Every structure is written in C-alpha cells, then in structure tokens.
Amino acid sequence: MDMYLVESDEQIAACYPVMRELRPHVPEADFVARVRAQERAGYRLVCAAEASVPVAVAGFRIAENLAWGRFLYVDDLVALPANRSRGHGAALLAWLARFAVDHGCAQLHLDSGVQREDAHRFYKREGMALSSYHFSMPVGRAGES
C-alpha cells in the first residue's frame, strides 16, 4: 500500500470513486473544484492506494480554537467497501496522527454520523474516545438572503 498527499487535479479526480462512498451528494463533475475551494481554507487529501489505484482517502485540515488549541480535524475518512477491514483506515489514521504531531498539533478530532456504528467501533478500536456530541441546524443555503 502506498500513501501520499494528493496534489494534482488528476490525483484528486482519482479519489472520487472512494469519496463518493461517504459523500454521494457531491457530483463527480464538481469534485475537483470543491476540493480546490476547500484547499484555500487548509483542506488536504491523503490517499492510500494499491497498484496506484486509490482504495481509501482522508480529507483533513489543521485548525486552532480556544477549546482544543492546535488540532488536526478529519473531515472525511473512507475506504472502498471491497477494501474495508484490510488495514487501510488504520494506516490512514496513523498517518494523520503522525502528520498532526509533525505540524504541532496536540489533538486529532473527527465527527461521525450517529448512524455509522461500524465506523464508531473502528474509531474506538483505534484508540479514539467519544468525547462530545455535535449539534447542528439548518439556517439557509449559502448565497441566499
């Protein structure tokens, strides 16, 4: 398995079949542009590949706030269904933890939908703790008055 930071438009596009498993609402035609837009706010993609084909992907960013200080936030972590339980997610999480330390972060955080019980078992197995609830509410769409 190879792991690398995704940089080119072609590499981003190659990650779409994996990311679609987690974010099916994002159209393929918009994927590269949306990743590039998020990069302006610090978003990065890291890919786990087999035979140069992405099989697991994580989207993340480094941020800082009063609650946690400097931290790495995982926006997306997903593997293709045929490649789950083969160590790719654990390898990505370990890579992210090392990246966080190397970039001065004291913590790694992520949110996970309440329905994703298999993912929750994985995160707990990998040493993560359920430390808070995340609340949200719709307030309109971007660009609407």
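Note that this is a predicted model, so its numbers are computed, not measured.

## Some thoughts on the pairing of strand β4 (residues 69-79)
Counting buried positions along β4 yields 9 of 11 residues, so the element is predominantly enclosed. Looking at chain direction, strand β3 (residues 53-65) and β4 are connected through 10 bridges and run antiparallel. Note on β4: the bridge partner recorded for Ile 62 is Leu 72. Remark: 3 residues form the turn of the hairpin made by β3 and β4, two consecutive strands paired antiparallel. Across 4 bridges, β4 lies against strand β5 (residues 107-110) in parallel orientation. Its bridge partner being in β5, Leu 72 is matched across the sheet by Leu 108. In this fold, β4 hands off to helix α3 (residues 88-102), which returns the chain to β5; that crossover is right-handed.

## As for the pattern of salt bridges
Tallying each qualifying case throughout the model produces 6 salt bridges. Asp 75 is the partner of Arg 61 in a salt bridge, and the nearest nitrogen-oxygen pair spans 3.0 Å. One end of the pair, Arg 61, is in strand β3; the other, Asp 75, is in strand β4, with 14 residues separating them in the sequence. Of the residues examined, Arg 61 reaches a relative accessible area of 30% and is grouped as partly exposed. Linking Arg 121 and Asp 118 is a salt bridge whose minimum nitrogen-to-oxygen distance equals 2.1 Å. Of the two residues, Arg 121 and Asp 118 both sit in helix α4 (residues 117-125), 3 residues apart, roughly one turn of that helix.

Conventions used here
Residues numbered from 1 in each chain as written. Predicted model: local features only at pLDDT ≥ 70, side-chain atom pairs only at ≥ 80, totals over all residues. Heavy atoms only, no water. Buried < 20%, exposed > 50% of the residue type's maximum accessible area, 1.4 Å probe, protein only. Helix = DSSP H or I, 4+ residues; strand = E, 2+ residues; numbered from the N terminus. Pairing = 2+ DSSP bridges. Right-handed = clockwise from strand over helix to strand, strands pointing away. Salt bridge = Lys/Arg side-chain N within 4 Å of Asp/Glu carboxyl O.

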